Amino acid sequence: MATPNSFLNTPTKTPTTTTSISKKHSHKQQHSSDPNRSVSEFKDRFEAYNRLQAAAVAFGEKLPIPEIVAIGGQSDGKSSLLEALLGFRFNVREVEMGTRRPLILQMVHDPSALEPRCRFQEEDSEEYGSPIVLASAIADTIKLRTESLLNKTRDAVSSKPIVMRAEYAHCPNLTIIDTPGFVLKAKKGEPERTPEEILSMVKSLASPPHRIILFLQQSSVEWCSSLWLDTIREIDPSFRRTVIVVSKFDNRLKEFTERWEVDRYLSASGYLGENTRPFFVALPKDRGTISNDEFRRQISQVDAEMLHYLRDSVKGGFDEEKYRSNIGFGCLRDFLEAELQRRYKEAAPATLALLEQRCGEVTAELARMECKINATSDVAHLRKSAMLHAASLCNHVEALIDGAADPAPEQWGKTTEEERLESGIGSWPSVTAEIKPPNATLRLYGGAAFERVMHEFRCATYSIKCPPVSREKVANILLAHTGRGGGRGITEAAAEIARAAARSWLAPLLDTACDRLAFVLGNLFDISIEKNRGHDSNNGHRSVDMEGYIGFHAALRQSYNHFMKDLSKECKQLLRHHLDSVTSPYSHVCYENNFIGSFGSGTSPIYQLNQATTGPLCLELSDGGAALRKEAMKDQENMPPEKNTQETTPGKVTQNREALRECQMTVPETPSPDQPSDGNYGIKRELGNCVEVGARKRHPRIAGNARNCGQNGESILFGNGDNISRPVSTYAEICSSAAQHFARIREVLVERSVASTLNSGFLTPCRERLFVALGLNLFAVNDEKFMDMFVAPGAIDSLENERQSLQKRQKILHSCLNEFKSVARAL
């Protein structure tokens, strides 16, 4: 198996090439001086592998034990071949044993067993039941076990095998796994997917490279039209570990009359390759009740009749030198026994090493289980271990926030789209533009993912424009301010509109940002657990073994998630407070001249308020960086403002305007909503307010004022705007001014308050308060409540059962190890 020639399971076409059969003959010559010793050694190896196989089936161990897997269609003769190998019949075909569950047949040659002794391995145990003598009872047991398991699992097929040990004087030392036969269509009453499930299960059984594939096909099927040969090629493309058997060969013999016809058919030239040659087998067709001796006599008779026909009835006979060793059941039986014996011998050293490894692993696992059971009665030890585990988790969370690349971000990180989907939050509310923050396609976690969400929030916030306002709303606000007197009616109305829009549109964005950030930090729990596990494995030991305490881990997760929800709630309240402050009527944000990003005289205020600040996260690292930057240039609304600009407050005098002397100031009348917009109108009004002392008398401004109407009596504020030559209306001026106020409120909120609040509200508590919060929830309780996380009802019994199972597995594996040590010394 270790060399290419070791995969040649059948004689090759070229006589000079070394074959498995020739190796078998050389093996016989090598030990011909002491045949009894050779037989004894092989029997010891065979028994050791059988016991190891039984243990592997019972405990689910994945061991590379050399095995033969029989594969074929449902009517290709697998069941008859197994009966012939056993040397007796037990009506296996009547129960269709290979249809639903695999059957592992452990055939043991025992000269003292004049009658077959068959025993079945108990389900989920390495023990065998009592011997079964009656052949009919064997078939009934197979049928009963199959139906019992399938009724429990409610499946059409099951890969869990049935293990039967047959001791008989007339059977070889051979182990074969009989698989469900391939079918094209499900039987009546079976699920439609039964053929696909059988095919999938057989492929999984035949795929391990340590298994020999025994593929059967009827002689009536031509190689070019074989239904299942392509399936075998998928599993073993070069047939290096496949033994091909042509069954029911006697049905094809009568077609041959010339030697060249026989030789061409036996060579299978052009279909199986030059170095692959099948076996040709025929078995008795009589299914009547006969004795076991008569059954074996008929098998030998069929072999003799096939050879007699090929030698005497075919003109020129056949090439016996090439094909004689491949014709007849006896040749196949001898080959399989010798091949399995050779592979057992080759695999013994590797099996011994693997057993030593598994024994060490089971011993270590058993020691950990003992510690867990002992710890259930030591509350102080459990408290210490749990606190150390929680402290380690908090340290890993802090490290992930500060920046880490372990565990692999490719596996544990998330893209922006994955964060949106898995959090259930979706897109940003009221944002119609597509928000693509830098590095959106990279898988990030921890502090990097936090900063990306922060930048995504900024992009989403700056993509929102001040919503349009109806003329009715403008009129109601403007006229109300006019009625209260004062000279800043237009400015106050625009500011009030901007404040209302900010409260309505920015509040949902703030809440969404908190939810997204809480989700990012919540993901750090599983990453920290994995990081803690990897840290222990790298150190070669487990500092605090808390594996298996499901109740404690559930409580720890719940406490962590509760802490993150509380942080999110607190941050939402703080951000709402900041939003209320900046949108308060008493706030001077709308009238400040020099705030974070003052405007220059050469740039449009609206444009500059929608420019993005370049921060560390703007450095695009993903593959689509160029396309994202190009898209960002097209849509400046997705970017926060630059901080090197200056602004002009609507309705105020610029600083470089010459100060007017008091004698030059005039006090105009209170404006009407339809009054034309004048660039200096609001200025004059504000300056007028500077010299007014005391209360003003309220004057009527609407009725009887001819300036409120156009030529046709239409109001400029509420008119249809058909007259293009008219100056800009007060409505348009207020909407423009409100947009500038909205942008100013947005920038002050985002740049002055949001970033610092989210950092101090999320990251600082995770660094400083997380362990305290977890400790108060988990450990600041009495011993009885604390132990509820570790000793749930039935937990002690479950641990005891697991310990007993490990002890049993340890005993069996050590027994197999000692056996294989003895076998290795005999090699």
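Here the structure is a predicted model, which means the values were calculated and not measured.

(A) Focus on the confidence of the model for the protein. For the protein, the mean per-residue pLDDT works out to 75, and 71% of the residues sit at or above 70. Predicted confidence is poor over residues 593-619, with pLDDT under 50, and the contacts of this stretch with residues over four places away or in other chains come to 81 contacts.

(B) The arrangement of the nonpolar core in detail. By size, the foremost hydrophobic cluster in this structure holds 72 residues, and its most contacted members are Leu521, Phe552, Leu758, Phe762 and Phe790. Residue assignment for this core shows that the elements contributing at least two residues are α13 (379-402), α16 (446-462), α18 (489-522), α19 (524-539), α20 (550-582), α24 (730-768), α25 (770-778) and α26 (783-787). Every residue in contact with leucine 521, bar those within four places of it in the chain, is listed here: Ile401, Phe450, Tyr560, Met564, Phe762, Leu763 and Cys766.

(C) How the structure looks around the packing of aromatic side chains. According to the stated counting rule, one finds eleven aromatic pairs in the structure shown. Measuring from ring centre to ring centre gives 5.7 Å for tyrosine 265 and phenylalanine 280, while their planes differ by 45°; the resulting arrangement is tilted. Note that tyrosine 265 is positioned in helix α9 (residues 259-267) and phenylalanine 280 in strand β8 (residues 279-280), a separation of 15 residues in sequence. For the pair formed by tyrosine 265 and phenylalanine 280, the shared burial category is buried. Taken together, the aromatic side chains of Phe249, Phe256, Tyr265 and Phe280 make up a single cluster linked through ring pairs. The ring of phenylalanine 786 carries the charged tip of arginine 383 above its face, separated from the ring centre by 4.5 Å. If you follow arginine 471 out to its NZ or CZ, it ends over the ring of tyrosine 731, 4.3 Å from the centre.

(D) Highlighting the pattern of salt bridges. This structure, assessed with the given rule, holds 43 salt bridges. Among the ionic pairs, arginine 803 bridges to glutamate 370, the shortest N-O distance being 2.8 Å. Of this pair, arginine 803 sits in helix α27 (residues 795-826) while glutamate 370 sits in helix α12 (residues 329-375), and the two are 433 residues apart along the sequence. Judged by its relative accessible area of 17%, arginine 803 is buried. For glutamate 370, a relative accessible area of 25% puts it in the partly exposed group. Among the salt bridges present, the one from aspartate 515 reaches lysine 572, with a minimum N-O distance of 2.8 Å. Taken together, the residues span a long stretch of sequence, with aspartate 515 in helix α18 and lysine 572 in helix α20 at a distance of 57 residues. For aspartate 515, a relative accessible area of 30% gives the class partly exposed. Judged by relative accessible area, which is 24%, lysine 572 ranks as partly exposed.

(E) Molecular detail of the environment of aspartate 402. By secondary structure assignment, the location of aspartate 402 is in helix α13. Exposure remark for aspartate 402: the relative accessible area of 49% places this residue in the partly exposed category. Along the primary structure aspartate 402 and alanine 448 are separated by 46 residues, whereas in three dimensions their C-alpha atoms are 8.5 Å apart. A polar contact of 2.9 Å, which involves the side chain of aspartate 402, links it to the side chain of arginine 767.

(F) How the structure looks around unusual backbone geometry. A cis amide bond links aspartate 406 to the next residue, proline 407, at an omega of 5°. Turning to its location among the elements, proline 407 is positioned in the loop between α13 and α14 (409-412). In this structure, arginine 154 is a non-glycine residue whose phi angle is positive, near 60°. Along the polypeptide, arginine 154 turns up in the loop between α5 (135-153) and β4 (162-168). For arginine 154, a relative accessible area of 74% puts it in the exposed group. Phi at asparagine 439 takes a positive value of approximately 65°, unusual for a residue other than glycine. Following the sequence through the fold, asparagine 439 ends up in the loop between α15 (416-423) and α16.

(G) How the structure looks around α9. Among all positions in α9, only Val262, Asp263, Tyr265, Leu266 and Ser267 are buried. Taken from the residues just after α9, alanine 268 is the one with a positive phi, measuring 50°.

(H) Region of interest: the side chain of threonine 179. Among the structural elements, threonine 179 can be located in the loop between β5 (174-178) and α6 (194-206). Of the residues examined, threonine 179 reaches a relative accessible area of 0% and is grouped as buried. In terms of polar contacts, threonine 179 uses its side chain to reach the backbone carbonyl oxygen of alanine 70, at 2.6 Å.

(I) Molecular detail of the pairing of strand β1 (residues 67-72). Counted residue by residue, β1 has six buried out of six residues, so it is predominantly covered. Residues of β1 alternate between two faces, with Glu67, Val69 and Ile71 on one and Ile68, Ala70 and Gly72 on the opposite face, all of them buried. Direction of pairing for β1 relative to strand β6 (residues 211-218): parallel, over a ladder of six bridges. When the bridges of β6 are listed, glycine 72 appears paired with leucine 216. Pairing of β1 with β5, which is carried by three bridges, proceeds in the parallel orientation. In the sheet register, isoleucine 68 faces β5, and the bridge partner there is isoleucine 176.

(J) Quick look at the packing of α20 against α25. As a packed pair, α20 and α25 sit with axes 10 Å apart at the nearest point and diverge in direction by 130°. In terms of axis orientation, α20 runs oblique to α25. For the pair α20 and α25, the crossing hand works out as right-handed. Residues Phe552, Ala555, Leu556, Ser559, Tyr560 and Phe563 of α20 lie in contact with α25, whose contacting residues are Leu770, Ala773, Leu774, Asn777 and Leu778. Residues belonging to the contact of α20 with α25 are distributed by class as follows: nine nonpolar, two polar and no charged.

Procedures and definitions
Residues numbered from 1 in each chain as written. Predicted model: local features only at pLDDT ≥ 70, side-chain atom pairs only at ≥ 80, totals over all residues. Heavy atoms only, no water. pLDDT = per-residue confidence, 0-100. Contact = heavy atoms within 4.5 Å. Core = buried A, V, L, I, M, F, W, Y, C linked by side-chain atoms within 4.5 Å. Buried < 20%, exposed > 50% of the residue type's maximum accessible area, 1.4 Å probe, protein only. Helix = DSSP H or I, 4+ residues; strand = E, 2+ residues; numbered from the N terminus. Phe/Tyr/Trp six-rings, centres within 6.5 Å; stacked < 30°, edge-to-face > 60°. Lys NZ or Arg CZ within 6 Å of the ring centre and 35° of its normal. Salt bridge = Lys/Arg side-chain N within 4 Å of Asp/Glu carboxyl O. Polar contact = N/O pair within 3.5 Å; in protein donor to acceptor, adjacent residues only side chain to side chain. Pairing = 2+ DSSP bridges. Axes fitted to C-alpha atoms, helices over the stretch in contact; angles between N-to-C directions. Parallel < 35°, antiparallel > 145°, perpendicular 65-115°, else oblique. Left-handed = near helix turned anticlockwise from the far one by under 90°. Nonpolar A, V, L, I, M, F, W, Y, C, P; charged D, E, K, R; others polar.

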